[in-house]
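Architecture at a glance
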Amino acid sequence: MGGNSPCASCKLLRRRCAKDCIFAPYFPSDDPHKFAIVHKVFGASNVSKMLQELPVHQRADAVSSLVYEANARMRDPVYGCVGAISYLQNQVSELQMQLAVAQAEILCIQMQQDPAAAMVAGTPPQILDPADYIGQYEKSCFLGHNNGLMSPPQYHNFASSATSIAIHDSLKRESILGNDMVS
């Protein structure tokens with residue numbers, strides 16, 4: 001920037017914006033909030049060091065990441081982006097459970113409609129009530145919170161042990177740290 005108006009960082013830090021200012025290309029003067037939030041979370045000297053260590057072609061992406069993380073840290077000071085990622089992973093897990101319940105319902109209905117076809121497929125015919133499984137799922141949604149994680153419904157005496165294991169395996173969830181958890 002140099003001669004015209006100082007970049008957002010130099011303006012906030014109240015210093016003269018040099019020609020080779022490392023912040024100028026990424027923090028324009030028309031968007032001061034962008035640098036203010038990054039400065040508040042990471043500090044100007046840390047951001048400067050990070051940018052200097054990167055090749056020029058990667059700096060814009062790094063600044064975008066810093067701005068995103070700084071915004072996330074302002075919303076959630078403890079977890080930042082990890083909190084958002086965890087929330088989305090929990091939503092995926094919940095939707096996978098809902099899908100498993102729907103697939104179990106379909107299987108129950110198919111078995112009730114055509115027990116002979118179920119025998120050919122190797123599954124013994126049983127009269128099952130999908131409402132039992134849906135009610136159990138809803139109950140777990142309202143009562144089964146465990147630190148914000150949903151507990152999947154348990155499928156006891158469901159069709160056969162092989163089917164039960166397949167459904168139970170589809171309900172495995174991976175924690176943030178990569179450890180498998182099965183509820």
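Residues numbered from 1 in each chain as written. Predicted model: local features only at pLDDT ≥ 70, side-chain atom pairs only at ≥ 80, totals over all residues. Heavy atoms only, no water.

Some words on the pattern of salt bridges
One pass over the full model with this rule turns up 1 salt bridge. Across the salt bridge formed by Arg 73 and Glu 69, the nearest N and O atoms sit 2.8 Å from each other. Residue Arg 73 and its partner Glu 69 are both found in helix α4 (residues 56-75); the two are separated by 4 residues, about one turn of the helix. Looking at Arg 73, the relative accessible area reads 30%, which means it is partly exposed. (Salt bridge = Lys/Arg side-chain N within 4 Å of Asp/Glu carboxyl O. Helix = DSSP H or I, 4+ residues; strand = E, 2+ residues; numbered from the N terminus. Buried < 20%, exposed > 50% of the residue type's maximum accessible area, 1.4 Å probe, protein only.)

Some details on the packing of aromatic side chains
One pass over the structure, following the stated rule, counts 3 aromatic pairs. Arranged with centres 5.1 Å apart and planes meeting at 75°, the rings of Phe 27 and Phe 35 form a pair that is edge-to-face. For the residue pair Phe 27 and Phe 35, the accessibility class agrees, reading buried in each case. Taken together, Phe 23, Phe 27 and Phe 35 form an aromatic cluster joined through their ring pairs. (Phe/Tyr/Trp six-rings, centres within 6.5 Å; stacked < 30°, edge-to-face > 60°.)

What to know about the state of the cysteines
Here the structure, examined in full by the defined rule, presents 0 disulfides. Summary of cysteine pairing: Cys 10 is not part of a disulfide, and the nearest cysteine sulfur, belonging to Cys 7, is at 3.5 Å. Cys 10 supplies the cysteine sulfur nearest to Cys 21, a cysteine that is in no disulfide, at a spacing of 3.7 Å. (Disulfide = S-S within 2.5 Å.)

As for α4
End to end, α4 covers 30 Å across 20 residues, agreeing with the expected 28 Å (1.5 Å per residue, within 8%). By the burial criterion, the buried members of α4 are Arg 59, Ala 62, Val 63, Leu 66, Val 67, Glu 69, Ala 70 and Ala 72. Where α4 is buried, its residues meet α2 (32-42), α3 (44-53) and α5 (81-113). (Expected span 1.5 Å × (residues − 1). Contact = heavy atoms within 4.5 Å.)

Quick notes on a nonpolar patch on the surface
A surface patch of nonpolar side chains, amounting to about 300 Å² of accessible area, comprises Val 78, Tyr 79 and Val 82. Inspection of the secondary structure puts Val 78 in the loop between α4 and α5. (Patch = residues over 30% accessible without salt bridge, like charges linked within 9 Å, V, L, I, M, F, W, Y side chains within 5 Å. Areas by Shrake-Rupley, 256 points an atom, 1.4 Å probe, with all protein chains shown as cover.)

Notes on the confidence of the model for the chain
Should the pLDDT be low somewhere, the predicted coordinates at that spot are not to be read in detail. Overall, the prediction assigns the chain a mean pLDDT of 74, with 60% of residues at 70 or greater. Across the chain, the element-wise mean pLDDT spans from 40 in strand β3 (residues 173-174) up to 94 in α4. This stretch, residues 140-183, has a pLDDT under 50; its non-local contacts, to residues over four places away or in other chains, come to 79 contacts. (pLDDT = per-residue confidence, 0-100.)

Some remarks on the nonpolar core
Core analysis: the largest hydrophobic core is formed by 21 residues, its most contacted members being Cys 7, Cys 21, Phe 23, Phe 27, Val 38 and Leu 51. Going through the elements one at a time, α1 (8-13), α2, α3 and α4 are the ones with two or more residues in this core. The element that contributes the greatest number of residues to this core is α4, accounting for 5 residues. Beyond its immediate sequence surroundings of up to four residues, Phe 23 is in contact with Cys 7, Ser 9, Arg 15, Phe 35, Ala 44, Val 47, Ser 48 and Leu 51. (Core = buried A, V, L, I, M, F, W, Y, C linked by side-chain atoms within 4.5 Å.)

Some remarks on unusual backbone geometry
For residues that are not glycine, phi is negative in most cases, and the peptide bond is trans in most cases. Phi is positive for Arg 14, close to 55°, though the residue is something other than glycine. Along the chain, Arg 14 falls in the loop between α1 and α2. Looking at Arg 14, the relative accessible area reads 78%, which means it is exposed.

Side note on α5
With 33 residues, α5 extends 48 Å between its outermost C-alpha atoms, agreeing within 8% with the 48 Å of an ideal straight helix rising 1.5 Å per residue. Those residues of α5 that fall on the buried side of the exposure criterion are Cys 81, Ser 86, Ser 93, Met 97, Ala 100, Val 101, Ala 104, Cys 108 and Met 111.

Brief notes about the packing of α2 against α4
Two numbers describe how α2 lies on α4: the axes approach to 9 Å, and their chain directions differ by 70°. As judged from the angle between their axes, α2 and α4 are roughly perpendicular. Handedness of the crossing formed by α2 with α4: left-handed. From α2, Lys 34, Ile 37, Val 38, Lys 40, Val 41 and Phe 42 reach across to α4, where they touch Val 63, Leu 66, Val 67, Glu 69, Ala 70, Asn 71, Arg 73 and Met 74. Its residues assigned to classes, the contact of α2 with α4 shows 9 nonpolar, 1 polar and 4 charged. (Axes fitted to C-alpha atoms, helices over the stretch in contact; angles between N-to-C directions. Parallel < 35°, antiparallel > 145°, perpendicular 65-115°, else oblique. Left-handed = near helix turned anticlockwise from the far one by under 90°. Nonpolar A, V, L, I, M, F, W, Y, C, P; charged D, E, K, R; others polar.)

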